[in-house]
Amino acid sequence: MNTHSPTLPGLSAEELSRVAGPLKDAWTLPPTAYTDSDLYDLEVERIMRKSWLPVGRAEQVPNPGDYICFTLYDQPLMLVRGTDGAVRVMSRVCLHRAAPIAEGTGNRKLFSCPYHAWSYATDGQLVRAPLMEGAEGFEEKNCKLPNLRSEIWDGFVMVNCDDDAEPFAPQVTTYQKTFSNYKLDDMVIIKTLEFDSPWN
Ligand code: FES
């Protein structure tokens with residue numbers, strides 16, 4: 001028998017066992033579960049980075065080169081409609097010295113880094129690296145901004161930090177049937193609300 005008690009940051013073994021008890025006498029999570037930063041880090045690592053998350057709507061980037069910057073789990077990212085028409089979610093951190101190559105929103109055919117002018121195509125491929133000519137072992141074609149796993153589901157751009165995650169759409173076929181009458185795919189954003197959320 002395993003007598004080892006599970007532990008989590010911010011929660012005592014007693015609190016954990018109460019939460020994990022049979023439903024009829026289980027307790028809700030204690031308040032620290034919603035505020036402890038170590039527990040949040042663990043949730044990000046074990047759950048959120050392995051889960052699909054909607055980060056935008058495809059209609060927010062209607063034209064080739066349209067982009068929207070955002071940050072997810074402290075990673076500077078951008079949602080981009082490529083010149084090939086595909087919607088991607090990729091890093092916006094320059095591969096040279098980690099400067100941000102884009103901020104805010106806009107439209108570009110190339111993302112040029114403000115520091116030393118390395119330039120990336122809309123799929124993240126490095127296409128120009130001035131001053132690197134002749135650098136031994138360096139080839140632009142081997143450098144590409146990391147792309148996250150992404151899918152478009154009913155217009156929502158879904159991302160997952162886990163390359164091995166199961167595809168999203170097959171997991172939500174039940175919801176697809178429920179929501180089909182709402183024609184989510186045709187909906188457009190008319191208003192955006194922002195919330196400060198200083199909790200886990
Ligand atoms: S940091 Fe981007 S080109 Fe140098």
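Residues numbered from 1 in each chain as written. Predicted model: local features only at pLDDT ≥ 70, side-chain atom pairs only at ≥ 80, totals over all residues. Heavy atoms only, no water.

## Describing unusual backbone geometry
- Look at leucine 131: it is not a glycine, yet its phi comes out positive at around 75°.
- Examined against the element boundaries, leucine 131 turns out to sit in the loop between β8 (126–128) and β9 (149–153).
- Using a relative accessible area of 76% as the deciding quantity, one classes leucine 131 as exposed.
- Of note, aspartate 154 is a non-glycine position whose phi angle comes to about 50°, a positive value.
- Structurally, aspartate 154 can be placed in the loop between β9 and β10 (156–160).
- Under the relative-accessibility criterion, aspartate 154 is labelled buried at 16%. (Helix = DSSP H or I, 4+ residues; strand = E, 2+ residues; numbered from the N terminus. Buried < 20%, exposed > 50% of the residue type's maximum accessible area, 1.4 Å probe, protein only.)

## Section: the state of the cysteines
- One pass over the structure, following the stated rule, counts zero disulfides.
- Cysteine 143 carries a free sulfur, and the closest cysteine sulfur to it, the one in cysteine 94, is 9.7 Å from it.
- On the accessibility criterion, cysteine 143 (16% relative accessible area) is buried.
- Between cysteine 161, a free cysteine, and cysteine 69, which holds the nearest cysteine sulfur, the sulfur-to-sulfur gap is 17 Å. (Disulfide = S-S within 2.5 Å.)

## Here we look at the domain arrangement of the protein chain
- Segmenting the protein chain into domains produces domain 1 (13–46) and domain 2 (53–186).
- Centre-to-centre, using C-alpha coordinates, domain 1 lies 34 Å away from domain 2. (Domains from an automatic or database assignment.)

## Re the pattern of salt bridges
- Applying the stated rule across the entire model yields five salt bridges.
- Residue glutamate 14 is joined to arginine 18 by a salt bridge in which the shortest nitrogen-to-oxygen separation is 3.6 Å. Of this pair, glutamate 14 and arginine 18 both sit in helix α1 (residues 13–19), four residues apart, which is roughly one turn of the helix.
- Looking at glutamate 14, the relative accessible area reads 53%, which means it is exposed.
- For the salt bridge of aspartate 84 with arginine 88, the shortest nitrogen-to-oxygen distance reads 2.6 Å.
- Residue aspartate 84 is classed as exposed on the basis of its relative accessible area, which comes to 51%. (Salt bridge = Lys/Arg side-chain N within 4 Å of Asp/Glu carboxyl O.)

## So, the sheet that holds strand β5 (residues 105–107)
- Ordered by their spatial adjacency, four strands build an open sheet running β4-β3-β2-β5, and the pairing between neighbours is antiparallel. If you trace the sheet from one side to the other, it starts and ends with β4 (87–91) and β5, each paired once. For this sheet the average axis-to-axis angle between neighbouring strands, irrespective of direction, equals 25°.
- Two elements, strand β3 (residues 75–81) and β4, share five bridges in a ladder whose sense is antiparallel. Along β4, the bridge assignment pairs methionine 78 with methionine 90. (Pairing = 2+ DSSP bridges. Axes fitted to C-alpha atoms, helices over the stretch in contact; angles between N-to-C directions.)

## Concerning the sheet that holds strand β7 (residues 119–121)
- Pairing is antiparallel across the open sheet formed by three strands, whose spatial order is β6-β7-β8. Strands at the two margins of the open sheet, each flanked by one partner only, are β6 (110–112) and β8. In this sheet, adjacent strand axes meet at a mean angle of 35° when their direction is disregarded.
- Bridge analysis of β6 against β7 gives three bridges, and the strand direction is antiparallel. Looking at the pairing, phenylalanine 111 lines up with tyrosine 120 of β7.

## A closer look at the pairing of β4
- Within β4, five of the five residues are buried, leaving the element largely enclosed by the surrounding structure.
- Hairpin connection, β3 to β4: the antiparallel pair is bridged by five residues, and glycine 85 has positive phi, about 90°.

## Focus on the side chain of aspartate 154
- Although buried, aspartate 154 forms no salt bridge, and the nearest oppositely charged side chain, arginine 57, lies 7.1 Å from it.
- When residues no more than four places from it in sequence are discounted, the contact partners of aspartate 154 are Arg57, Gln176, Leu184 and Asp185. (Lys, Arg positive; Asp, Glu negative; His and termini not counted. Contact = heavy atoms within 4.5 Å.)

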